[in-house]
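# Structural description and commentary
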Amino acid sequence: MDGIGDFMIEANLVMPVTGLTRKDVNDKRAFGIPATKIANESGYHGLANMILFGYVLKKTNMLSLELVNKGVEKVVPAKKAHLLPKNIEAIMLGYNYEG
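In this report, the structure presented in the accompanying data block is examined. Since this is a predicted model, take the numbers as computed values, not measurements.

### Digging into the packing of helix α5 (residues 65-75) against helix α6 (residues 84-95)
Where α5 meets α6, the axes come as close as 10 Å, and the angle between the chain directions of the two elements is 150 degrees. Taken together, the axis directions place α5 and α6 in an arrangement best described as roughly antiparallel. Note that α5 runs across α6; the crossing there is right-handed. Residues Leu65, Val68, Asn69, Val72 and Glu73 of α5 touch α6, and the partners they reach there are Leu84, Asn87, Ile88, Ile91, Met92 and Tyr95. Of the residues in the contact of α5 with α6, the class split is eight nonpolar, two polar and one charged.

In structure tokens:
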């Protein structure tokens, strides 16, 4: 795995399949988050991608949460506006993950 910089993984899916160990992950500055498990246990089924996105935001500081929230509000169509709060909450779950 030489030459790989920082990267994010869905820890519960990628590590068992690839054989990566916690040491491998720590040595390569890979950041793992059990996004699917968090989603299922928190009632955010189907939103593991948003949880992972929140985690990426936290680790990279590439966008502000304010900008992300505005962006999510713009891309969620009016007929699906009821999904907006859950998506933003899922992003925050990932952003606040400390595991």
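So, next bit.
### Concerning α6
An α-helical segment advances 3.6 residues per turn. Residues three or four places apart therefore align on the same side. Along its twelve residues, α6 runs 17 Å from first to last C-alpha, staying within 8% of the 16 Å computed at 1.5 Å per residue. Taken together, the buried positions of α6 are Leu84, Asn87, Ile88, Ala90, Ile91, Gly94 and Tyr95. One side of α6 carries all its buried residues, which in axial view fall inside an arc of 155 degrees.

### Structural notes on the pattern of salt bridges
By the definition in use, this model includes one salt bridge. Among the ionic pairs, Glu66 bridges to Lys70, the shortest N-O distance being 3.3 Å. Note that Glu66 and Lys70 are positioned in helix α5 at a spacing of four residues, about one turn of the helix.

### So, the packing of aromatic side chains
For any pair of aromatic rings, geometry is given as the distance between the ring centres together with the angle between the planes. Overall, the coordinates contain one aromatic pair when judged by the stated rule. A ring pair is formed by Tyr55 and Tyr97, whose centres lie 5.6 Å apart and whose planes are at 75 degrees; its orientation type is edge-to-face. Residue Tyr55 is located in helix α4 (residues 48-60), and its partner Tyr97 is located in the segment after α6; the two are separated by 42 residues in the primary sequence.

### Considering the nonpolar core
Grouped together as the largest cluster of nonpolar side chains are 19 residues, with contacts concentrated most on Met50, Ile51, Val72, Ala90 and Ile91. Secondary-structure elements contributing two or more residues to this core are α3 (35-42), α4, α5 and α6. Contact partners of Ile51, with chain neighbours within four places excluded, come to Ile33, Ala35, Ile38, Ala39, Ala90, Leu93 and Gly94.

### Describing the side chain of Asn87
Tracing the backbone shows Asn87 in helix α6. Note on Asn87: relative accessible area 13%, which makes it buried. Setting aside chain neighbours within four positions, we find Asn87 in contact with Leu47, Met50 and Val72.

### What to know about α4
For α4, with 13 residues, the first-to-last C-alpha span of 18 Å sits near the 18 Å given by 1.5 Å per residue. Taken from the residues just after α4, Asn61 is the one with a positive phi, measuring 55 degrees.

About the cut-offs
- Residues numbered from 1 in each chain as written.
- Predicted model: local features only at pLDDT ≥ 70, side-chain atom pairs only at ≥ 80, totals over all residues.
- Heavy atoms only, no water.
- Axes fitted to C-alpha atoms, helices over the stretch in contact; angles between N-to-C directions.
- Helix = DSSP H or I, 4+ residues; strand = E, 2+ residues; numbered from the N terminus.
- Parallel < 35°, antiparallel > 145°, perpendicular 65-115°, else oblique.
- Left-handed = near helix turned anticlockwise from the far one by under 90°.
- Contact = heavy atoms within 4.5 Å.
- Nonpolar A, V, L, I, M, F, W, Y, C, P; charged D, E, K, R; others polar.
- Expected span 1.5 Å × (residues − 1).
- Buried < 20%, exposed > 50% of the residue type's maximum accessible area, 1.4 Å probe, protein only.
- Arc of directions from axis to C-beta.
- Salt bridge = Lys/Arg side-chain N within 4 Å of Asp/Glu carboxyl O.
- Phe/Tyr/Trp six-rings, centres within 6.5 Å; stacked < 30°, edge-to-face > 60°.
- Core = buried A, V, L, I, M, F, W, Y, C linked by side-chain atoms within 4.5 Å.

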